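Coordinate inspection notes
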Amino acid sequence: MASAHDADDVGIAAGEAKAGDRPVAGPSRGPRLGAPLVEYLLRLGDDRLILGHRLSEWCGHGPILEEDIALSNFALDLIGQAASILRLAGEVEGAGRDEDALAYFRDGVQYRNCLLVEQPRGDFGDTIVRQFLFDAYSVLLWEALLGAPHAGLAAIAAKAIKEDRYHLRHSSEWVVRLGDGTEESHVRVQGSLDRLWRYTGELFEADAIDQGVAGEGIVVDHRALKARWDQLVDEVLDRATLVRPADGPTQRGGRVGRHTEHLGHLLATMQSVARAHPGARW
Amino acid sequence: MATLRGSRLYSLLHMTTTIRQLPADDPAQVAAFEALIAAGESIEPKDWMPARYRSQLTRMMSQHAHSEVVGMLPEGNWITRAPSLRRKQSLIAKVQDEAGHGLYIYCGTETLGVDRFDLFNQLLDGTAKYSSIFNYPTLSWADMGVIGWLVDGAAIVNQTVLAKTSYGPYARAMVRICKEENFHKRQGYEICTVLANGTPAQRAMLQDAVDRFWWPSLMMFGPSDTNSLNSGELLRWKVKRKTNDELRQRFVNLTIPQAQALGITVPDPDLRFDPETKNWVFGEIDWSEFQQVISGNGPCNRERLEARRKAHDDGQWVREAASAHAAKRARKTEAA
Ligand SMILES: [Fe+2]
Ligand SMILES: [Fe+2]
């Protein structure tokens, strides 16, 4: 809808350069990020909040009652982890935001979760495969963070790793059951794996934020992490008689707020009550 | 588990025949059984029991289990919108507890010689009943508070008495479940307290939820004693220990002071305190609404059953895969 009329409104004739105006060239080609440790914690917290939320969508709709309970359990663990991590992020940021302010009053572009966790829950196979791929990554990441010189983060890692190890056992067993179950389940779950694979590369990418926190002693060797993840995933896929997809082009962007369209809908639901009553206590 | 689906029709036929053609009980055994009950003994799965006792307990326990499972849906409806992370966690935990209650009571029914999958199929077929309260929609966040307060509260009044029921496994299940229901009630009432002390919009939300859930909560105790078909026999066998109307009155007496503490009203212009009986006397329940809801025409009957059926149907391939895999594993161990 831009027109000559718009230009007139701001008093600029077309094509005329004006010296002394505010610069139109932005400071960088990428998105604007905050302090490294805050960004780093948001990534950790948002992954678990969004995945926990997706799992909670199963509550009351699981394939068997026992599994309904198990998925709710994982949702609880992950949202609990997210709350602790976001609280810490808010403290480090020092702008007076607590975990609820961060969860309920940030827009999608301010979220830092990976694309994998925001994908719709899909069928039970999609949920289990995604969970497995994430659990394997998460357990290895917590192992690396156990010795972090940041006391708050190390304490969170120590608690979370126990929960995630249990999740990983559970999701691995289901991948094997579904992969090596019936013909139908094999085809379905291979499809889930093929669809979700392109979101796994993002988990192992290191950027300026990782370099930034390395300065504070939080060092994760992403290449070593990936190698161990490959091994762990291959073992389970082998038992499940599933074929590991070829590494094609990776979808990325979540870590800097460039998400898939799914996140906006998730947040619209999640934040609806809180945002309808700003300032209210619950 | 491909047999699950096949067994549906079979189990239905099976259930109807067992109910219609109950074998005549030996009068000497009945007398011994009733003497045990009169002496306050609990009946255990191995004990002899009249066929009628067995079928009544199966009916009550399975309805209870179905109610726990269907009851996950109205509250599950707000998990994704809970307005704080703490509330989100406690709501997930609550709905998960209800799943646990369902599972626990379904397993309890198996001590009576029924298969829980058969019972579950009756729920999906629409032939089994569950608590009418879960056929009402949850329309605002305040419903999460009010359901905990009123619905779990009413369940507690029922279940505290059921914890003394004559059938041992059911009584023990109730003791355990009641502890969690108490926790749910406290949590629900706490949500209500925060809303009552919140913004005008939050207070209005709370009042509206109470207006919608008050009468349906009173209906949870079932038909009035004069119209309750099963009550006489159940009281004699100490399956039930109090009548529906006694329990309803107890609930109202407990709840009105809590409403006063919140500073909200209940939608009953006839409500008054009777200083002589110390009862809160309440107006006439709309039994035609109750009949409509239990006969399948409540606001959400269709949606609740469809949600259960969809979960079941969508999970079919998963259950089949799990049993196929288990069979493969068993064959491997055998071969080894
Ligand atoms: Fe319950
Ligand atoms: Fe409950």
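Its identity as a non-glycine residue notwithstanding, A:Thr241 has a phi of 55 degrees, on the positive side. Take A:Thr241: it is sitting in the loop between helix H10 (222–239) and helix H11 (262–270). Assessed through its relative accessible area of 42%, A:Thr241 is described here as partly exposed. The phi torsion at B:Lys278 lies on the positive side, around 60 degrees, for a residue other than glycine.

A separate point is the coordination of the iron ion (ligand 2). As a benchmark, a tetrahedral metal site with four donors has ideal angles of 109.5 degrees, while an octahedral site with six donors has ideal angles of 90 or 180 degrees. Residue and element names in this part refer to chain B. Taken together, the protein donors to the iron ion (ligand 2) comprise Glu 98 (OE), Asp 152 (OD), Glu 181 (OE) and His 184 (ND1), at separations of 1.9 to 2.2 Å. In this structure, the iron ion (ligand 2) is surrounded by 4 donor atoms whose angles at the metal cover 91 to 146 degrees, and the resulting shape is irregular. As a motif over one chain, the donors of the iron ion (ligand 2) read E-x53-D-x28-E-x2-H. A gap of 3.5 Å separates the iron ion (ligand 2) and the iron ion (ligand 1), which Glu 98 links by coordinating each metal. Taken together, the residues Asp 152 in helix H7 (residues 142–162) and Glu 181 in helix H8 (residues 168–196) connect sequence positions 29 residues apart. Of the two residues, Asp 152 and Glu 181, both sit in the buried class.

The subject of this paragraph is the packing of aromatic side chains. All names here are of chain A. Tallied over the full model, the rule gives 18 aromatic pairs over all chains. Here Phe 74 and Tyr 166 contribute two aromatic rings whose centre-to-centre distance is 6.0 Å and whose plane-to-plane angle is 85 degrees, an arrangement assigned as edge-to-face. A residue pair is termed long-range when its members are at least 10 positions apart, and Phe 74 in helix H3 (residues 65–93) and Tyr 166 in helix H7 (residues 151–179) qualify at 92 residues. In this structure Phe 74 comes out as buried when scored by relative accessible area, which is 2%. With a relative accessible area of 44%, Tyr 166 lands in the partly exposed category. The rings of Phe 134, Tyr 137, Trp 197, Phe 204 and Trp 229 are connected pair by pair, giving a single aromatic cluster. The aromatic ring of Tyr 111 is capped on one face by Arg 106, whose charged end is 4.2 Å from the ring centroid. The side chain of Arg 121 reaches across the aromatic face of Trp 58, ending 4.4 Å from its centre.

With that settled, consider helix H13 (residues 301–314) of chain B. Residues and elements named next belong to chain B. In a regular helix each residue adds 1.5 Å, so 14 residues correspond to 20 Å; H13 covers 20 Å between its end C-alpha atoms and thus fits that length. Listed as buried for H13 are Asn 301, Arg 304, Leu 305, Arg 308, Ala 311 and His 312. Down the axis, H13 shows its buried residues gathered within 125 degrees of arc, on one side only. Away from the buried face of H13 by more than 90 degrees, exposed residues Arg 302 and Lys 310 are located.

About the thresholds
Residues numbered from 1 in each chain as written. Chains lettered and ligands numbered in written order. Predicted model: local features only at pLDDT ≥ 70, side-chain atom pairs only at ≥ 80, totals over all residues. Heavy atoms only, no water. Helix = DSSP H or I, 4+ residues; strand = E, 2+ residues; numbered from the N terminus. Buried < 20%, exposed > 50% of the residue type's maximum accessible area, 1.4 Å probe, protein only. Donors = N, O, S within 2.8 Å, 3.2 Å for Na, K, Ca; no water. Tetrahedral: all angles 85-135°; square planar, octahedral: opposite > 155°, others 65-115°. Phe/Tyr/Trp six-rings, centres within 6.5 Å; stacked < 30°, edge-to-face > 60°. Lys NZ or Arg CZ within 6 Å of the ring centre and 35° of its normal. Expected span 1.5 Å × (residues − 1). Arc of directions from axis to C-beta.

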